[in-house]
Amino acid sequence: MVEGIIIKGIAGFYYVQAGDTVYECKARGKFKNKNETPLVGDCVTISMDGEGKGVIETIEPRRNELFRPAVANVDQSLIVFALKNPDPHLNLLDKLLILGEYVGIKAIICLNKADIDDINMFEHIRDIYEPIGYKVVVTSVVDQSGFDVLMDELHGRITVLAGPSGVGKSSILNTIQPGLAAKVGEISEKIKRGKHTTRHSELIALESGGYVVDTPGFSSIDIEFVGKEHLATCFPEIREMANACQFNNCMHIKEPNCAVKEAVERGEIHEERYNSYLYFMNLLEDSRRKKQW
Ligand SMILES: Nc1nc2c(ncn2[C@@H]2O[C@H](COP(=O)(O)OP(=O)(O)OP(=O)(O)O)[C@@H](O)[C@H]2O)c(=O)[nH]1
Ligand SMILES: [Mg+2]
Ligand SMILES: [Zn+2]
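Residues numbered from 1 in each chain as written. Chains lettered and ligands numbered in written order. Predicted model: local features only at pLDDT ≥ 70, side-chain atom pairs only at ≥ 80, totals over all residues. Heavy atoms only, no water.

A description of the sheet that holds strand S10 (residues 135-138) should follow, citing residues and the corresponding values.
The strand order across the open sheet built from six strands is S10-S9-S8-S11-S13-S12, with neighbouring strands paired in mixed fashion. On the outer flanks of this sheet lie S10 and strand S12 (204-205), each paired with one strand and no other. With seven bridges connecting them, strand S8 (residues 76-82) and strand S9 (residues 106-112) associate as parallel partners. Looking across to S9, one finds that Ala82 is bridged to Asn112. (Pairing = 2+ DSSP bridges. Helix = DSSP H or I, 4+ residues; strand = E, 2+ residues; numbered from the N terminus.)

Given below as structure tokens:
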């Protein structure tokens, strides 16, 4: 028996990496009978048939499972924004962070294009997000700076990549490893062209250890499935403060003796983040109203 990780699945075949070798495998019929489908990212044990092909025998319980891209056992997301060109859109950053909190996947914020950051946008963003527990990494592809730290964060983990167009995701991948962006991009194209029913994804191995997986269209995903009453739990600093509110169903909007609003007034919760909370709360209310119509 060999232990490995599924890095790709195509038409009933699974490609399992164990050490430096990738084995083409089929899954035992028992999985189909139990309605279990092996997923990219699954930790599996395989046995070899007579012809050097593998058979998946067991699948380890999953730590988590993303739907789009279809990947199991994701360790973290790397959310890339540029400090300038295009200007960072913190509302979109918050949306991606909400999604990460909702599915329970840690986020790393990568701020790229440090070489053209002439208004110290980096410090502004770091000062909002680092105190609430997010790792903030600053990079420049032009100066080749920040990559020691970034590589350290990616090492040995499964990382999903997200961020708007033009921020430098491909450039960052190629700086990490020449040719990496093309590998990742090829799969993104397949997903974009694919039918809605296909849940294709692939883990791209880093030579330094670990995997990355792209999330095309991730930024345009909406958060309607996050219930209004769950929104506060997707903001770590609000979640932490909410216990001290007078009402345990406090929405932190108009209620009296709201510890969250008091923390905003004292400057302990950043006003921009609180405004962002209100913005998404409104959005969720609107979408609910629309559904009722
Ligand atoms: N000044 C500066 N420009 C950069 C940096 N990184 C990337 N760029 C430039 O920004 C532009 C967009 O970079 P890409 O790597 O294609 O961005 P992307 O995030 O992959 O964009 P999409 O593939 O459209 O999602 C290119 O012209 C890059 O040369 C950087 O650190 N500094
Ligand atoms: Mg790109
Ligand atoms: Zn409250």
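Just give me the short version of the site of ligand 1, but keep the residues and values in it.
Around ligand 1 lies a shell of 15 residues, among which Asp115, Val141, Ser165, Lys169 and Ser171 are the nearest. A distance of 2.7 Å separates an oxygen atom of ligand 1 from a polar atom in the backbone of Val141. For ligand 1, an oxygen atom lies 2.9 Å from a polar atom in the side chain of Ser170. For the shell around ligand 1, the leading source of residues is helix H5 (residues 169-176), giving three residues. Tallied by class, the residues present in the shell around ligand 1 amount to five nonpolar, seven polar and three charged. (Near = heavy atom within 4 Å. Polar contact = N/O pair within 3.5 Å; in protein donor to acceptor, adjacent residues only side chain to side chain. Nonpolar A, V, L, I, M, F, W, Y, C, P; charged D, E, K, R; others polar.)

Talk me through the coordination of the zinc ion (ligand 3); I want residue IDs and the actual numbers.
Binding of the zinc ion (ligand 3) to the protein goes through Cys245 (SG), Cys250 (SG), His252 (ND1) and Cys258 (SG), at separations of 2.1 to 2.4 Å. Around the zinc ion (ligand 3) sit four donor atoms; with metal-centred angles ranging over 102 to 116°, the donor geometry is tetrahedral. Here the donor residues of the zinc ion (ligand 3) share one chain and are spaced in sequence as C-x4-C-x1-H-x5-C. Residue Cys250 shares its accessibility class with Cys258, and that shared class is buried. (Donors = N, O, S within 2.8 Å, 3.2 Å for Na, K, Ca; no water. Tetrahedral: all angles 85-135°; square planar, octahedral: opposite > 155°, others 65-115°. Buried < 20%, exposed > 50% of the residue type's maximum accessible area, 1.4 Å probe, protein only.)

Pulling in residues and values, what's your account of the pattern of salt bridges?
One pass over the full model with this rule turns up 15 salt bridges. The residue Arg62 makes a salt bridge to Glu65 at a minimum N-O spacing of 3.3 Å. The exposure class assigned to Arg62 is partly exposed, which follows from its relative accessible area of 33%. The salt bridge partner of Asp127 is Arg126, with a shortest N-O separation of 3.5 Å. Asp127 gets classed as partly exposed once you look at its relative accessible area, which sits at 46%. One connected set of salt bridges, linked through shared partners, spans Asp42, Arg62 and Glu65. (Salt bridge = Lys/Arg side-chain N within 4 Å of Asp/Glu carboxyl O.)

Hey, could you go over the pairing of strand S3 (residues 21-27) for me, with residue numbers and the actual values?
Note that strand S2 (residues 13-18) and S3 share five bridges and pair antiparallel. Looking at the pairing, Tyr15 lines up with Glu24 of S3. Hairpin connection, S2 to S3: the antiparallel pair is bridged by two residues, and Gly19 has positive phi, about 65°. Pairing of S3 with strand S5 (residues 54-59), which is carried by three bridges, proceeds in the parallel orientation. Residue pairing for S5: Cys25 is matched across the bridge by Gly54.

Give me the sheet that holds S5: which residues, what numbers.
One closed barrel accounts for five strands, arranged S1-S2-S3-S5-S4; its pairing is mixed. Adjacent strand axes in the sheet meet at a mean angle of 55° when their direction is disregarded. Two strands pair when backbone bridges link them, and strand S1 (residues 2-10) and S2 are joined in this way by five bridges, in the antiparallel orientation. Paired with Ile5 across the bridge in S2 is Gln17. (Axes fitted to C-alpha atoms, helices over the stretch in contact; angles between N-to-C directions.)

Before we move on, could you go through the domain arrangement of the protein and cite the residues and values that matter?
Looking at the protein, the domain boundaries give domain 1 (2-61), domain 2 (66-220) and domain 3 (228-292). Taken over C-alpha atoms, the centre of domain 1 sits 28 Å from the centre of domain 2. Contact residues are listed per partner, giving 13 residues for domain 1 and 11 residues for domain 2. Summing both sides of the interface, domain 1 and domain 2 together bury roughly 890 Å²; the carbon and sulfur share of this comes to 57%. The largest per-residue losses of area from domain 1 upon contact with domain 2 belong to Ile7, Leu39 and Val40, which jointly make up 45% of the total buried on that side. (Domains from an automatic or database assignment. Contact = heavy atoms within 4.5 Å. Buried area = accessible area lost by both parts, 1.4 Å probe.)

How would you explain helix H4 (residues 147-154) if you had to name every residue and give the values?
Residues of H4 that are buried include every one of Phe147, Leu150, Glu153 and Leu154, and no others. For H4, the buried positions fall inside an angular range of 120° around the axis, keeping them on one side. Turned more than 90 degrees from where H4 packs its buried face, Asp148 and Asp152 sit exposed. Summarising the contacts, the buried residues of H4 are in contact with S8, S9, S10, strand S11 (158-162) and H5. Following H4 by one or two positions, Gly156 has its phi on the positive side, about 70°. (Arc of directions from axis to C-beta.)

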